[in-house]
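What the coordinates show
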Amino acid sequence: MKKKNFVVDKETHKQLVHAEKMLALGELGAGIAHEINNPLCCISNYLQLLLMSEEKLDNEMLVCLKSMMNSANRIKEIVNNFLNFVRTVDERKEKSSLNINSILDATASQVETLEHFKNVRIIKKYYPEIPAIKCNRNQIMEAFLNLFNNAKDAMPGGGRLYIKTEPHNNSIRVIIKDTGVGIKGKNIDKIFDPFFTTKRLGEGTGLGLTATYGIILNHSGNIQVESQVGKGTSFIIDLPIN
Ligand SMILES: Nc1ncnc2c1ncn2[C@@H]1O[C@H](COP(=O)(O)OP(=O)(O)OP(=O)(O)O)[C@@H](O)[C@H]1O
Ligand SMILES: [Mg+2]
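Attention here is on the structure that accompanies the text.

About the criteria used
Residues numbered from 1 in each chain as written. Chains lettered and ligands numbered in written order. Predicted model: local features only at pLDDT ≥ 70, side-chain atom pairs only at ≥ 80, totals over all residues. Heavy atoms only, no water. Pairing = 2+ DSSP bridges. Helix = DSSP H or I, 4+ residues; strand = E, 2+ residues; numbered from the N terminus. Axes fitted to C-alpha atoms, helices over the stretch in contact; angles between N-to-C directions. Polar contact = N/O pair within 3.5 Å; in protein donor to acceptor, adjacent residues only side chain to side chain. Contact = heavy atoms within 4.5 Å. Buried < 20%, exposed > 50% of the residue type's maximum accessible area, 1.4 Å probe, protein only. Near = heavy atom within 4 Å. Areas by Shrake-Rupley, 256 points an atom, 1.4 Å probe, with all protein chains shown as cover.

Some thoughts on the sheet that holds strand S5 (residues 171-178)
The strand order across the open sheet formed by five strands is S2-S4-S5-S7-S6, and the pairing between neighbours is mixed. Across the chains shown, the open sheet's two edge strands, defined by having one partner strand only, are strand S2 (120-125) and strand S6 (222-228). Strand-to-strand twist of the sheet, defined as the mean angle between neighbouring strand axes without regard to direction, takes the value 15°. Bridge count between S6 and strand S7 (residues 232-240): seven bridges; the pairing is antiparallel.

Examining the side chain of asparagine 146
Here asparagine 146 shows up in helix H4 (residues 137-153). A distance of 3.1 Å separates a polar side-chain atom of asparagine 146 from the backbone oxygen of glycine 208. Ignoring any residue separated from it by four or fewer positions in sequence, one finds asparagine 146 in contact with Gly208, Ala211 and Thr212.

Let's talk about unusual backbone geometry
Despite not being glycine, asparagine 169 has its phi angle at roughly 50°, a positive value. Along the polypeptide, asparagine 169 turns up in the loop between strand S4 (159-168) and S5. Overall, the relative accessible area of 70% leaves asparagine 169 in the exposed class. Phi is positive for serine 220, which is not a glycine, with a value near 55°. Along the chain, serine 220 falls in the loop between helix H5 (208-218) and S6.

Quick look at the site of ligand 1
Around ligand 1, the surrounding shell holds 19 residues, and the nearest of these are Asn150, Thr197, Thr198, Lys199 and Thr205. A distance of 2.6 Å separates an oxygen atom of ligand 1 from a polar atom in the side chain of threonine 197. Within the side chain of lysine 199, one N or O atom sits 2.6 Å away from an oxygen atom of ligand 1. Its free accessible area being 600 Å², ligand 1 has 89% of it covered by the protein chains. Counting only elements with at least two residues in the shell around ligand 1, the list comes to H4, H5 and S7.

Without other data, these values stay purely geometric and don't point to any function.
This is the structure we're talking about:
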């Protein structure tokens, strides 16, 4: 039998190594997350029990217990976010032929009325006769939602969010561009890593882009980022037509 030699270019190799790293991290993380859940439930159940007899506790103790409860809830949130991410990578959820412009519209309409988005101007530049792609609507909406939220966070004083679609080779290209703070060079290779965040404690878990990466991977797509500090950031997503 003849052996075939596959020549993989440097960029594809980098992406494959990254994809493998993400899957390995996902598996490891899921194991740890499950292990954390049991003792965590025990801690929060006892805390709840103690807080039920509020009248017997002095003020200082009450403040401490409430703070412990908040922290326990925060751990729960992080663990659940992580398990959600692992599920997105693992599950081969149902896919149907859909119009990406409509999915972008539906996602944009979920955020444009929110208070946080009031200073964000959304500018759509859709390719009109865009071919349908096979995808899972909820997953793709979640991926776009993460990108829209990050763009909003990058523009605390307001700005513009461009959403563009166009055919590109055998794919549909979606470009989500903001006029925000941009990403520092030293961080750009880390943004898709689980738990990488530059946001303050309680404002970000660093899982949004990890989940987005997993979703695009699950659709055999590709996601790239271009950013300039002080000017803004573009996320470029290619989703294959077939
Ligand atoms: N559009 C953007 N502009 C500037 N920085 C960004 C942008 N998108 C992502 N980042 C950077 O990448 C980091 C990771 O993003 P990611 O969405 O994974 O996590 P997060 O937004 O910090 O938290 P989470 O999404 O879990 O609430 C962000 O903390 C931020 O530093
Ligand atoms: Mg985010």
